[in-house]
Amino acid sequence: MKLLLWAERWKLRRSKILWIAGFATVMVALIVFAQGQFMFYGSRYIDKAGWFMTATQSLATFYVLPAVIALLGSYMICREEQEDTLKSLRLIPVDEMKLTLAKMVLTLVFSVLIYLLLFVITFLIEAVLHLEALPISLVLENLKIYFMDGAGVFFAISPIIALVSRMKKGYWLALVFAEIYSFAGLFASMSNTLKTVYPMTAVFNLSGYYHASVIQTLIGVIVLLTCIVLSLFILKGLNRTAK
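Residues numbered from 1 in each chain as written. Predicted model: local features only at pLDDT ≥ 70, side-chain atom pairs only at ≥ 80, totals over all residues. Heavy atoms only, no water.

A.B. asks: Just checking my understanding: could you explain the nonpolar core for this structure?
C.D. replies: The tendency in soluble globular proteins is for nonpolar side chains to be buried side by side. Counting residues in each nonpolar core, the largest one holds 45 residues, and the members touching the most others are Leu118, Val153, Ile157, Ile161, Tyr181 and Met200. Elements that contribute at least two residues to this core include exactly helix H2 (17-35), helix H3 (51-63), helix H4 (65-82), helix H6 (96-130), helix H7 (136-167), helix H8 (172-188), helix H10 (199-207) and helix H11 (214-242). Ranked by residue count, the leading element in this core is H7, at ten residues. When residues no more than four places from it in sequence are discounted, the contact partners of isoleucine 157 are Pro66, Ile69, Ala70, Tyr181 and Met200. Among the nonpolar cores identified, the runner-up in size contains nine residues, and Leu72, Tyr75, Cys78 and Phe110 belong to it. (Core = buried A, V, L, I, M, F, W, Y, C linked by side-chain atoms within 4.5 Å. Buried < 20%, exposed > 50% of the residue type's maximum accessible area, 1.4 Å probe, protein only. Helix = DSSP H or I, 4+ residues; strand = E, 2+ residues; numbered from the N terminus. Contact = heavy atoms within 4.5 Å.)

See below:
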């Protein structure tokens, strides 16, 4: 597994998709920063310490990052077949299930790293704007939220990554499906019941972005574990079909 992870990491270093992910992360921060210039009761949103870190995290999750992460994951799984290198890998031979799991693990790592990159960007801007008004407790709380959101979003969208890989219709479909899936979280957040069971909003319950009860948190854990189990089941079917 360690060798497979190392190989997949080097493959990604030669791919432009990491640049796309980085560009999307920076752009969402810039867009939210521009939104913060609007006036509200005589002051800008951005003038409030902590607003930028909080707003960027939620808006990025509802609109941008899940789609980027789904695209990254499905690209990693689909690329060998689309580039016609899968046949060569089968001659080595390579355990396709372990290879797929390595790709999923690497997608999880990159999901967390993308969110941490977004946190660094927002923190630096917050520090420039109002360092003295930014308590360390608020910074650490947001760091925890960003980290857990990075992991949770991967779990929530893992069935989409697996399904698109199974469909073999092109990894760009993952971006479309994940965008619809994450945007629907805005509507799910309007209902306490849906907010608890919908995977994208369950992530917020677990990370602490939403104030959630112990029961809501436990339900969120079950929902996200169900997502990852479902994705593994789909991927297992993918490897059987390949054989």
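A.B. asks: I tried to follow the packing of aromatic side chains on my own but got confused; where do I start?
C.D. replies: Two numbers describe a pair of aromatic rings. These are the distance of the centres and the angle of the planes. As enumerated under the stated definition, the model contains twelve aromatic pairs in all. Centroid distance phenylalanine 33 to phenylalanine 52: 5.9 Å. Interplanar angle 80 degrees. Geometry classified as edge-to-face. Taken together, the positions of phenylalanine 33 in helix H2 and phenylalanine 52 in helix H3 put the pair 19 residues apart, joining distant regions of the chain. Where tyrosine 209 meets tyrosine 210, the ring centres are 5.5 Å apart and the plane angle is 50 degrees; that geometry is what we call tilted. What makes tyrosine 209 partly exposed here is its relative accessible area of 26%. Three or more aromatic residues link up through ring pairs in this structure, and these residues are Phe62, Phe204, Tyr209 and Tyr210. Sitting over the face of the ring of tyrosine 210, lysine 195 holds its NZ or CZ atom 4.8 Å from the ring centroid. (Phe/Tyr/Trp six-rings, centres within 6.5 Å; stacked < 30°, edge-to-face > 60°. Lys NZ or Arg CZ within 6 Å of the ring centre and 35° of its normal.)

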